[in-house]
Amino acid sequence: MRSNTIQTLISDLEREDIEPLTDDALAEDVIELRRTMDRMEYQCSRRLDLFARRHGYITLGFVSLIAWLRRACRLLPGAAVQHAEVARNLPSLPDTSAALAAGDIGFHHAAVIAHSVTEVGAEAVLRHESTLLEAAHNLDPKYLTHVTSQIRYCEDPDGTLADANDNHERRYLHLSQTWQGMFVIDGRLDAEGGATLRAALNALEEMWYPGDERTGRQRRADALVELARQRLDAGTLPEVGGQKPHLSVTAPIATLMKEPGAPAGELDWSQPITADTVRRVACDCAMTRVLLGPNSEPIDVGRCTRTIQPALRRALVVRDRQCRFPGCDRPPDWCDGHHLIHWIDGGETSLANTCLLCRRHHRFVHELGWQLSWGDAGTIIATKPWWMKPAAIGPCGVAPPLAS
Ligand SMILES: [Zn+2]
Ligand SMILES: [Zn+2]
């Protein structure tokens, strides 16, 4: 009879034509159904508790309740552990049980509170149960864990410290390169390390602006590279092999001149890089000319010189004050010096032929084919590559006039 009632409810739901429903009505339905499922979860949990205490799963040939839940109830391992924990701990929390039975709190709220029982014991959670239930009415389950963490800290400071130390020991970072040359990062940081990194990345993430088609993940990736780049540029890192750490690019002149058939450039630790990337790097770098003999042996090594001398760089910072790409306001620390006509093509390394461009917009020009040219009164005109849709990417137009 009972299962018939449930079947009747499901049949009614199946027969209902939902297309004419308004968004408000759909939202109400979803909330109501979720609430019903939460109430059902309690009924399920009540039965599971009795089933576990009677060791019903052993009678059915399973070695543990978790194994039975995974197989018979089709749960992932984490979900099976969670359901078992809720079933085990809810009976010691009458108010939480009643709230879940009535659908006043969600199953995942109950799961957070039940996990707290495992951490600090039923007695301690009972003392804080009214606070937890009030919090559950106002917070989603993830934020409710902040409240249970506080309770854990108050009730069991030694255990909290041991957990924090354990988390710290589990930190790691893998940085590996795929055969395509991409780098893959995988890691785990403790709470403090992660928050430190996030704070630094937040500071370096550019604000979104209309036309910026990067996803949040791409902006975060750019911020991480910028963090490393600025640290390298500052020259404050310890020396490695007698030199300040830096990126090293090797390329023949023919590659820089984009001659047909010229070989690719080479980047430290990485795959070959295109001539356009070599030209971008060469726009503003420290360069050493190496003359090779007939058997590719170095026969002469010149002095290391900067393509944009420090004095010119200072003048660019005073004049431009920020990236000169239209619409961009990245400060000088984020910028390379860019030759409007590349020095390898005969362009002068002078104020009249250079400007500041942030790393992203420097890439726009060299690798994506944007053209920069001087307009009236020191403005810079950016022209999109022919293949780009009009509204495809970023701001286009004329940069503000130069500072006088
Ligand atoms: Zn450049
Ligand atoms: Zn820029």
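See the structure above.
Residues numbered from 1 in each chain as written. Chains lettered and ligands numbered in written order. Predicted model: local features only at pLDDT ≥ 70, side-chain atom pairs only at ≥ 80, totals over all residues. Heavy atoms only, no water.

A. Representation of the overall build of the protein chain in the model. Within the protein chain, the regular secondary structure consists of 17 helices and 14 strands. In terms of overall size, the protein chain is more extended than a compact globule, its C-alpha atoms giving a radius of gyration of 31 Å where 404 residues would be expected to give roughly 22 Å. In terms of its C-alpha atoms, the protein chain occupies a principal-axis envelope of roughly 90 × 55 × 45 Å. The buried share of the protein chain, reckoned over its 404 residues, is 32%. Considering only intrachain contacts with a sequence separation of at least 6, the fraction spanning at least 24 residues in the protein chain is 49%. Working note: accessible area of the protein chain is about 25,800 Å², and carbon and sulfur atoms make up 57% of it. Separation of charge centres in the protein chain, based on 44 positive and 53 negative side chains, amounts to 3 Å. (Helix = DSSP H or I, 4+ residues; strand = E, 2+ residues; numbered from the N terminus. Rg over C-alpha atoms; globule rule 2.2 N^0.38 Å. Buried < 20%, exposed > 50% of the residue type's maximum accessible area, 1.4 Å probe, protein only. Contact = heavy atoms within 4.5 Å. Areas by Shrake-Rupley, 256 points an atom, 1.4 Å probe, with all protein chains shown as cover. Lys, Arg positive; Asp, Glu negative; His and termini not counted. Charge placed at Lys NZ, Arg CZ, Asp CG, Glu CD.)

B. The arrangement of the coordination of the zinc ion (ligand 2) in detail. For the zinc ion (ligand 2), the full set of protein donor atoms is C323 (SG), C328 (SG), C358 (SG) and H361 (ND1), at a range of 2.1 to 2.3 Å. Geometry at the zinc ion (ligand 2) is tetrahedral, judged from the four donor atoms that bind it and their angles of 98 to 117° at the metal. Binding-site remark: the zinc ion (ligand 2) is held by donors from one chain whose sequence spacing is C-x4-C-x29-C-x2-H. Within this pair, whereas C323 is found in the loop between α16 (310-320) and β10 (335-339), its partner H361 is found in helix α17 (residues 359-366), the two being separated by 38 residues in sequence. The exposure class of C323 is buried, given its relative accessible area of 2%. A residue is classified by how much of its surface remains accessible, and H361, at 1% relative accessible area, is buried. (Donors = N, O, S within 2.8 Å, 3.2 Å for Na, K, Ca; no water. Tetrahedral: all angles 85-135°; square planar, octahedral: opposite > 155°, others 65-115°.)

C. Representation of the coordination of the zinc ion (ligand 1) in the model. The zinc ion (ligand 1) binds to the protein through C283 (SG), H338 (ND1), H362 (NE2) and H366 (NE2), with metal-donor distances spanning 2.0 to 2.3 Å. Coordination at the zinc ion (ligand 1) is tetrahedral, judged from the four donor atoms that bind it and the angles of 100 to 119° they form at the metal. Counting gaps between the donor residues of the zinc ion (ligand 1) yields the pattern C-x54-H-x23-H-x3-H. Here C283 is found in helix α15 (residues 275-283), whereas its partner H362 is found in helix α17, with 79 residues between them in sequence.

D. Quick peek at the pattern of salt bridges. For the structure shown, the criterion picks out 19 salt bridges. Here R152 ties to D156 by a salt bridge, and the two come within 3.5 Å at their closest N and O atoms. For R152, a relative accessible area of 10% puts it in the buried group. Overall, the relative accessible area of 24% leaves D156 in the partly exposed class. Each of the salt bridges in this network shares a partner with another, and the network as a whole consists of E119, R152, D156 and D163. (Salt bridge = Lys/Arg side-chain N within 4 Å of Asp/Glu carboxyl O.)

Geometry only, nothing functional implied.
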